[in-house]
Amino acid sequence: MPRPPPRSWQPTLPGGHPSAVAGQIDDEVKRLLDESERRDRDLMEKHRNKLERLAETLLQEETLTRDRIEALLSAPGEKAMRTGTSG
């Protein structure tokens, strides 16, 4: 009959991480994902009008040039957003 593992023994997951460490990793990954989702939702809400304007224009015109997108996303008196790439 096999002996039971010692009380301090923790099962090891693939990669050599004990299950307690794996739980901490899972908790941190969940925290990072939740934080990212919250930040993304905040950004989309903040720029909702621009996103809706872009979506409506895409539905009407189907394709847009970079200049047209920049014009749509630029509010009056606001500089057009530049990504540093041409197109």
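Preceding block: the structure.
Residues numbered from 1 in each chain as written. Predicted model: local features only at pLDDT ≥ 70, side-chain atom pairs only at ≥ 80, totals over all residues. Heavy atoms only, no water.

On to a nonpolar patch on the surface. A surface patch of nonpolar side chains, amounting to about 260 Å² of accessible area, comprises I25, V29 and L33. As for its placement among the helices and strands, L33 is situated in helix 1 (residues 19–46). Residue class for L33 comes out exposed when judged on its relative accessible area of 55%. (Patch = residues over 30% accessible without salt bridge, like charges linked within 9 Å, V, L, I, M, F, W, Y side chains within 5 Å. Areas by Shrake-Rupley, 256 points an atom, 1.4 Å probe, with all protein chains shown as cover. Salt bridge = Lys/Arg side-chain N within 4 Å of Asp/Glu carboxyl O. Helix = DSSP H or I, 4+ residues; strand = E, 2+ residues; numbered from the N terminus. Buried < 20%, exposed > 50% of the residue type's maximum accessible area, 1.4 Å probe, protein only.)

The next point concerns the pattern of salt bridges. Under the definition given, this model contains 8 salt bridges. With a shortest N-O distance of 3.0 Å, E37 and R41 are connected by a salt bridge. Separated by 4 residues within a single helix, E37 and R41 lie in helix 1, roughly one turn from each other. The partner of R48 in a salt bridge is E45, and the shortest N-O contact between them spans 3.5 Å. Several salt bridges converge on common partners, so that one network encompasses E28, R31 and E35.

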